[in-house]
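Descriptive analysis of the structure
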Amino acid sequence: YVSARTLSNDMRLVEQKLAQFDLTLEKRPRYGIRVAGGESQRRLCLASLVRPVLPDTDDAKLAERLRAIAACVDDALTAYLTGTLEPAVTVSSLASRNLIMHLYIALGRIEQGCYVPAAESDVQKLEGTREYAAAFQIAANIKDALGVSMPREEVAFIAIHLLGRGTGVPEKGSAVISDEMWEIASEMVRAVNDEFRFDFSGDLELRMNLARHIGPLGYRLEYHMHMDNPMLPDIKTRFPLAYSMAAGTSQVLERHFGS
């Protein structure tokens, strides 16, 4: 009981949603239609669809799998947090929930034989980081608990999520803030002064905290990773000026990381 016009209109909405993630619909007469695009984009799209429904699911089988994944993540990260394993990696509770959702989607795709492609040079670059070590432990826990093996490329993808979502504890002997992050933070402070006439250049603590925040943010922007902020509506209502200042610095981030 659906007209062709209704179906056509709905498919246009589907195409608009897919386009947000650089995905398209391929159509072939007498064959059908399918989604075309990269695996990373597919997973980002899936995450945007399941994000609102996963926390309140009443599907017992789904809830059980989410609990199993959460246990694998918590066990691995707790080992690093407590110092049982070195070096330390920390993530917020919100970031942990987002990682669990990513892993749920990733495992489903892996079981269908769909993997995230990654250049060998990129994987090797990540293998020396503390985030990759934590990701490797998460993958090992998942294999033991759920029987799904994750190749190096998938482990690297988990590491990217940790890099983009963690608060990060610097490795011994490394700089807490890179010169690049410090310069971006300084540029953002100058942008606020130029547009709003508020001079924060003398506030060293603000610039340091901003620079620390930009590191994980840069990874999220580079890999188009979404992170929900449940406090966003409250921030807009209670701190409209601060929010406007933050929004005004977005052009600085676009110049460095792309739109």
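Further up the page is the structure itself.
Residues numbered from 1 in each chain as written. Predicted model: local features only at pLDDT ≥ 70, side-chain atom pairs only at ≥ 80, totals over all residues. Heavy atoms only, no water.

**Regarding the pairing of strand β2 (residues 32–36)**
Sheet topology note: the strand β1 (residues 24–28)/β2 ladder contains five bridges and is antiparallel. Counterpart to arginine 28 in the pairing with β2 is glycine 32. Taking the residues that link successive antiparallel strands as the turn, the β1-β2 hairpin has three residues, and the phi of arginine 30 there is positive, at about 70 degrees. (Pairing = 2+ DSSP bridges. Helix = DSSP H or I, 4+ residues; strand = E, 2+ residues; numbered from the N terminus.)

**Points about the packing of aromatic side chains**
Summed over the entire model, instances satisfying the criterion amount to one aromatic pair. Their ring planes at 15 degrees and their centres at 6.2 Å tell us that phenylalanine 198 and phenylalanine 200 sit as a pair that is stacked. For the cation-ring pair, arginine 28 lies above tyrosine 31, with the distance from its terminal atom to the ring centre recorded as 4.1 Å. (Phe/Tyr/Trp six-rings, centres within 6.5 Å; stacked < 30°, edge-to-face > 60°. Lys NZ or Arg CZ within 6 Å of the ring centre and 35° of its normal.)

**Describing the environment of leucine 163**
By the secondary structure assignment, leucine 163 is in helix α7 (residues 152–165). As a C-alpha pair, leucine 163 and leucine 126 span 37 residues in sequence and 9.8 Å in three-dimensional space. If we skip the residues at most four places from it in the chain, leucine 163 touches Leu126, Glu131, Pro216 and Tyr219. (Contact = heavy atoms within 4.5 Å.)

**A look at helix α6 (residues 130–146)**
Its 17 residues place the ends of α6 24 Å apart at the C-alpha level, agreeing with the 24 Å of an ideal helix rising 1.5 Å per residue. Buried within α6 we find Arg130, Glu131, Tyr132, Ala134, Ala135, Ile138, Ala139, Asn141 and Ile142. Among the residues trailing α6, glycine 147 stands out with phi positive, at a value near 75 degrees. (Expected span 1.5 Å × (residues − 1). Buried < 20%, exposed > 50% of the residue type's maximum accessible area, 1.4 Å probe, protein only.)

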